[in-house]
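The primary structure of each chain is shown beneath.
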Amino acid sequence: MTDTLPDRLAIDPDSPYYDADLLKRPIGVRFNGVEKTNVEEYCVSEGWIRVAAGKALDRKGKPLTLKLKGTVEVWYDDEGKDEAPEA
């Protein structure tokens, strides 16, 4: 498995940019210098992310999203995963 992430990725299984194999590992997203944990979709080359708009749902039961534009950085966020917790 390579450590390069695609330019665009979504967590919605209905999206053409969804990839279950990539989403098995935790992915970190930094938007305008702030680490985000609620990202539904991102595009690095176009510089935007989609985040849920509160608890609002559309008529199909999926969360409503907001598209925010800015600088996007992504990486695999699984460092320290292999370490045993100290007791």
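In the block above lies the structure referred to throughout.
Quick summary incoming for the structure in this document. (Residues numbered from 1 in each chain as written. Predicted model: local features only at pLDDT ≥ 70, side-chain atom pairs only at ≥ 80, totals over all residues. Heavy atoms only, no water.)

1. A word on the sheet that holds strand 6 (residues 63–69)
Strand order in the open sheet made by the four strands is 1-4-5-6, with antiparallel pairing throughout. At either end of the open sheet lies a strand with only one pairing partner, and these are strand 1 (8–10) and strand 6. Here the average twist between neighbouring strands, direction ignored, is 25 degrees. Sheet topology note: the strand 1/strand 4 (residues 39–43) ladder contains three bridges and is antiparallel. The residue of strand 4 that forms the bridge with A10 is E41. (Pairing = 2+ DSSP bridges. Helix = DSSP H or I, 4+ residues; strand = E, 2+ residues; numbered from the N terminus. Axes fitted to C-alpha atoms, helices over the stretch in contact; angles between N-to-C directions.)

Just geometry here; none of it tells us what the structure is for.
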